[in-house]
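# Tertiary structure, described
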Amino acid sequence: MLNVARLSHLSLLALMLVPAGCHAQSPTGGKLSPELERRVEILLRAKTNLPPTYDVMIGPRTHSDVPGYDEISVIFTSEGKTTKPMTFLLSTDGKTVAQFSKFDISKDPKALVTDSGRPSRGGPASAPVTIVGFDDLECPFCAKMHSALFPALQERYKDQVRIVYKDFPLEQIHPWAVRGAIDANCLAAQSATGYWNYVDYVHGHVGEIGGTEKTLAKANENLDTLAKDEGKRQKVNEVTLNACIEKQEDTAIKASVKEGMDLGLEATPVLYINGEKLEGAFPIEYVYRMIDKALIAEGKTPPPPPPAPVAAPSAPAAGNATQPANHAGSQK
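The structure contained in this document is the topic of the report that follows.

What follows concerns the overall build of the protein. Scanning the protein from N- to C-terminus turns up eight helices and 11 strands. In the protein, which comprises 332 residues, the share counted as buried stands at 40%. Of the contacts formed within the protein by residues at least 6 apart in sequence, a portion of 68% connects residues at least 24 apart. As displayed, the protein has an accessible area near 19,500 Å², and 57% of this comes from carbon and sulfur atoms.

Put into structure tokens, the structure is as follows:
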């Protein structure tokens, strides 16, 4: 079977060919001379450790957008299996072969993941930085991030940062996560405040959902009750809210999960800071750094760094400790 992995490490490498002598410049569109074709093949075989059972077919020069270079297409075959054509650059003087990847950066990274009309907290819609988090209400790591990270961000950045959650419940391992997401969205349809209060509570009490029974039925009952109670506090239309909770329509949840999967997500939590992905647990200083860079890119000035923690006074050396005069020798 053709082992394409042998060829993968050619990406982004510049490969130099040393000619045996002087060669005339070859025009674009011409077939490579047997001597030049052999030098290219030997170079590629050496760089990929290609065994002799592989055949290398090199196409003619074609136009390239890179000044001073033409394109050549290379196909590797073995035992009747053929790779897709791989494009390399060949200098017009026949002395250099290169390969690189070209990426489109014309789109604003912020457009990679949008808020999609989701409830937000923190800054307004015009805030220079938007953080989109893919969240699972039953995920303990999401709960830890939620309780520690976002209050710190709101305190530090105030209205400069806007926070949005999207649903990515991992129902294979978190059986009530979908229900929690649906109930939260039922609240969100009428009250953004109610949505965030519900999310705050569930994340803060994730270990209590399901009660002492720890059954799915009890967890669903807890979630529904929490949503209905929050709806009453926010004075939403209870008939509409209760109907939404009863229906358990998961179309929006599935669409959000698909969006996450299309982005390559496999776990939670994952944050996108103005389109830049942050996956996994990192010290908050790294998050600050990413947000600060995003603010600078938007022409805004980040807040000053928080003051360094003051070191606690060291304890007196053993044998030198003193006690207040009024309590000397007293113990309780």
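If you trace the five strands from one edge of the open sheet to the other, you get 7-9-8-10-11, paired in mixed fashion. Of all the strands in the sheet, the pair left with one neighbour each is strand 7 (120-122) and strand 11 (276-279). Averaged over all pairs of adjacent strands, the angle between strand axes in this sheet comes to 25 degrees, irrespective of strand direction. Judged from the seven bridges that link them, strand 8 (residues 129-135) and strand 9 (residues 161-167) form a sheet pairing that is parallel. Bridge pairing in strand 9 links Val 129 to Val 161. Contacting strand 7, strand 8 and strand 9, helix 4 (residues 192-204) runs over the sheet at an angle of about 70 degrees to strand 9.

Our next topic: the side chain of Ser 64. Within the secondary structure, Ser 64 is located in the loop between strand 2 (55-58) and strand 3 (69-78). We classify Ser 64 as buried; its relative accessible area is 7%. Polar side-chain contacts of Ser 64 include one of 3.0 Å to the backbone nitrogen of Val 66. Sequence-distant contacts of Ser 64, defined by excluding residues within four places in its chain, comprise Tyr 69, Asp 70, Glu 71 and Leu 89.

Under the counting rule described, the total for this entry stands at one disulfide. The closest cysteine sulfur to the non-disulfide-bonded Cys 139 is located on Cys 142, 3.2 Å from its own sulfur. With relative accessibility at 3%, the residue Cys 139 sits in the buried group.

Conventions used here
- Residues numbered from 1 in each chain as written.
- Predicted model: local features only at pLDDT ≥ 70, side-chain atom pairs only at ≥ 80, totals over all residues.
- Heavy atoms only, no water.
- Helix = DSSP H or I, 4+ residues; strand = E, 2+ residues; numbered from the N terminus.
- Buried < 20%, exposed > 50% of the residue type's maximum accessible area, 1.4 Å probe, protein only.
- Contact = heavy atoms within 4.5 Å.
- Areas by Shrake-Rupley, 256 points an atom, 1.4 Å probe, with all protein chains shown as cover.
- Pairing = 2+ DSSP bridges.
- Axes fitted to C-alpha atoms, helices over the stretch in contact; angles between N-to-C directions.
- Polar contact = N/O pair within 3.5 Å; in protein donor to acceptor, adjacent residues only side chain to side chain.
- Disulfide = S-S within 2.5 Å.

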